Structure formats: C-alpha cells, structure tokens
Amino acid sequence: MKVAVFSSKPYDQAHLNAINNGQHELTFFEPHLDEQTAALSQGFDAVCCFVNDTLSAPVIDTLAANNVKLIAMRCAGFNNVDLTQSEQHGITVTRVPEYSPYAVAEHAVALSLCLNRNLHRAHNRVRENDYSLHGLLGFDMHGKTVGVIGTGKIGLAFIRIMLGFGCKVICHDPFPNPEVEQTDARYVPLEQIWAESDILSLHCPLLPSTRHIINSNSLHQMKQGVMLINTSRGALIDTRAVIDALKTGKVGYLGLDVYEEEADLFFEDNSNKILYDDTFARLQTFNNVMITGHQAFFTEEALSAIADVTIKNISGFEANDLETICVVKAN
Ligand code: NAI
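Residues numbered from 1 in each chain as written. Predicted model: local features only at pLDDT ≥ 70, side-chain atom pairs only at ≥ 80, totals over all residues. Heavy atoms only, no water.

A. Looking closely at the pairing of strand 9 (residues 199-202). By the alternation rule, side chains of strand 9 split into Ile199 and Ser201 and Leu200 and Leu202, which are all buried. Pairing analysis gives 4 bridges linking strand 6 (residues 145-149) to strand 9, with the strands arranged parallel. In the sheet register, Ile149 faces strand 9, and the bridge partner there is Leu202. Looking at chain direction, strand 9 and strand 10 (residues 226-230) are connected through 4 bridges and run parallel. Directly across from Ser201, in strand 10, lies its bridge partner Ile229. (Buried < 20%, exposed > 50% of the residue type's maximum accessible area, 1.4 Å probe, protein only. Helix = DSSP H or I, 4+ residues; strand = E, 2+ residues; numbered from the N terminus. Pairing = 2+ DSSP bridges.)

B. Expanded view of the environment of Phe267. Mapped onto the fold, Phe267 is located in the loop between strand 11 (251-256) and helix 11 (278-283). Setting aside its immediate chain neighbours within four residues, Phe267 contacts Lys9, Phe50, Val51, Asn52, Gly293, His294 and Phe297. (Contact = heavy atoms within 4.5 Å.)

C. Examining the domain arrangement of the protein chain more closely. When cut into domains, the protein chain gives domain 1 (2-99 + 300-328) and domain 2 (101-291). A straight line from the C-alpha centre of domain 1 to that of domain 2 covers 32 Å. Counting residues at the interface gives 9 residues for domain 1 and 6 residues for domain 2. A combined buried area of about 670 Å² lies between domain 1 and domain 2, and 53% of that area is made up of carbon and sulfur atoms. When the buried surface of domain 1 facing domain 2 is broken down by residue, Lys9, Asn52 and Glu98 rank first, second and third, together holding 50% of it. Run the count over domain 1 and domain 2 and you get 1 salt bridge. Between Glu268 and Lys9 there is a salt bridge, with the nearest N and O atoms lying 3.1 Å from each other. (Domains from an automatic or database assignment. Buried area = accessible area lost by both parts, 1.4 Å probe. Salt bridge = Lys/Arg side-chain N within 4 Å of Asp/Glu carboxyl O.)

D. Spotlight on the packing of aromatic side chains. What the rule picks out here adds up to 9 aromatic pairs. Aromatic pair Phe6 and Phe29: ring centres 5.3 Å apart, planes at 25 degrees, arrangement stacked. Note that Phe6 is positioned in the loop between strand 1 (2-5) and helix 1 (10-20) and Phe29 in the loop between strand 2 (25-28) and strand 3 (46-49), a separation of 23 residues in sequence. Like Phe29, Phe6 is buried. Measuring from ring centre to ring centre gives 6.0 Å for Phe29 and Phe44, while their planes differ by 85 degrees; the resulting arrangement is edge-to-face. Of this pair, Phe29 sits in the loop between strand 2 and strand 3 while Phe44 sits in the loop between strand 2 and strand 3, and the two are 15 residues apart along the sequence. (Phe/Tyr/Trp six-rings, centres within 6.5 Å; stacked < 30°, edge-to-face > 60°.)

E. Quick peek at the nonpolar core. One finds Ile149, Trp194, Ile214, Leu219, Leu228, Val251 and Leu254 to be the most contacted residues of the largest nonpolar core, which totals 32 residues. Contributions of two or more residues to this core are made by helix 8 (190-196), strand 9, strand 10, helix 10 (239-248), strand 11 and helix 11. Not counting residues within four places of it along the chain, the set of residues in contact with Leu228 comprises Leu200, Ile214, Leu219, Met222, Val242, Val251, Tyr253, Leu254 and Gly255. Listed in part, the 26 residues of the second largest apolar core include Val59, Leu63, Cys75 and Val96. (Core = buried A, V, L, I, M, F, W, Y, C linked by side-chain atoms within 4.5 Å.)

Okay, structure coming up:
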C-alpha cells in the first residue's frame, strides 16, 4: 500500500523502514497531519499518524475525498481521531494498543530516583568541580509508601519495581487488576492514597473522571513533601494548583513526562524560540521539579514494537484480514 507517514522523525523512519522491508511504499512527512496538510494525502491509500496529529471531521473529509482507506495510528491513544466521521466514510482506523509498559514504568522510576537523590543537581555540581553535598540529601525508597493510581499494564509494571525496592504499595483503580491482586500491593480508597503516599505515581488514562484528579483539594489531603510523578497525561494534574503546592512545600518533588499544554511544546526543538507559556516557565524555576518531554515510551524495544504492530496493521488491512489487526471502532 502507499502510506503517507505524518509527524515523522528520523527515529520513526528508521524503525518503520526496518520492519517494513519494502512491503509497503512509505513516504515520510515531517509536519503534523491537520487541515493545512491533509491535501498531502492525495495518491495514498493510507495515512500513518501519531499523538499530536489532528484527525478531525474536516481532515477526515479530505482524506476520504482523496480515497484514503486506512488511518494507521502508531500509538495507543486515539482521542485525536473523529471515529464517527471515519466510520461514516468507511475509513478503517487501527492503533498499537500496547508496546512496552516497562518503558513508561521504568521512566517513572527514573524520575523518582533522580528527584530523590538530586541527580540533576549533583551532575551539574560535579561538572563545576563542586563536590559539596549540602542540599542533596535524599531518603531511602525502602519502606516508603508508594501510591499508584491506575493499575493497568504500566501501573502493574511500576508496582512490581517499587515492591522490589521494598516499598509498601497501595493502589486505586475502579477495575482492579487480578495480576496486581496477586502481588503485595493493596487496593485502597482514593482518600487513603492521598493521606498515606510518600510517593504518588499516575498511571490512569485521561478521562472526564480523571481530569485534574490532582487538584487543590486532593493536594490538601496529601502528606507534606509528597513526591508526585506523572508519566500518563498532562491534564491529570491541575498545574496551577501544583505550583501553589510546590511553593508551600506540600509537594516536595515533582516529576513530569507530560504537561497539560504540551502539544505546542513537546517533540520539537524550540531552543531558538521564545517560551510564551508562563505556567510552564514557572514550573522550570523549581529545583525539585524534573520535566522530560513525553519520552517515557522512547526505548528501542518500544519503537520496534510500535513499528512492528503498525506494519502488521497495514498488511492485515491490505489482506482484508481485519480480525487479526487492532481496529478501533466508534462506540
Ligand atoms: P491500561 O489501559 O492498561 O491501564 C489504565 C488503567 O487505568 C486501567 O486499569 C483502568 O481501569 C484505570 N483507570 C481508569 N479510570 C481510572 C480512575 N478514575 N482511577 C484510577 N484508575 C483508572 O493503560 P496503560 O497501558 O497502563 O497506560 C496508562 C497510561 O499511560 C495511558 O493512559 C497513557 O496516558 C499513558 N502513557 C504514557 C506514555 C508516555 O510516553 N508518557 C506512553 C504510553 C502510555
């Protein structure tokens, strides 16, 4: 099939080309797919898209007019796809439901260890020939209480690592995971998560029910100096409320791989541009805040798995073998 791959970076090209091995004709476009770029889909059977592409109704209308038959998402999420519109046009949508829960769970652990032991500050000090230790005091992870919200694939992987450190793990999920129930982690009500966690890590999806689950009210119920880690979706946290809590010391450490307004910032080199987002700029002034730019998924294994499933989805669609591929349907 002829496939237009949008939002493509050199690492996407390398992994997709390696797995594709000439099966499909892949053309790589660096820009996002949106209303301005949708016309580029002319002459292609499929488009392959990522998290910040816009697959709104007008974009899908253009894809349909250009005879595109398949939207192959190379990510798990599909909140940016108008599924009703694609179904109306008979365009199939596929995705990669899971690639490496370990990649994201391990990144959450990396953020927590780095913040705890002040590795970001220690690294800079040593480079300046400063070997003083003041301000670098950490704590043993062993014996601390870790709260986990969302115990699906990534939450489970995170829980197993933290249990390995000798932490006490408490968790919350409206749909308890039997695999978690077989570990030493315990399901508890949210109030208990807020009250008892020394470290709190978010692994639930962004839904109306989870939007701003970390807000001034939940922050108020937490321990003084709590460590918050978010590798899930930015809008799980009310950023302004968390900034207030950083100012009072209620939040003692904040590790973020995602940010509410990340769409205009992340995945691009903006180093020559002015940063207009004052909230994001304020976050960066705290020395107990560590931010990475949505890279938790970014491991060799995860990229290979994403490319593998994406190419299988395209091949399965071409062979009309829809049962074996990861098709997304409107409700
Ligand atoms: P999953 O679907 O396996 O697990 C999500 C869990 O959250 C489910 O068990 C679900 O019942 C639970 N949940 C739903 N509503 C909840 C609520 N109100 N409170 C607590 N738990 C709730 O998903 P997976 O693969 O573990 O991914 C988790 C999240 O990680 C994704 O939604 C995504 O936002 C994020 N993610 C981030 C990446 C990154 O690079 N930073 C990469 C991949 C995923």
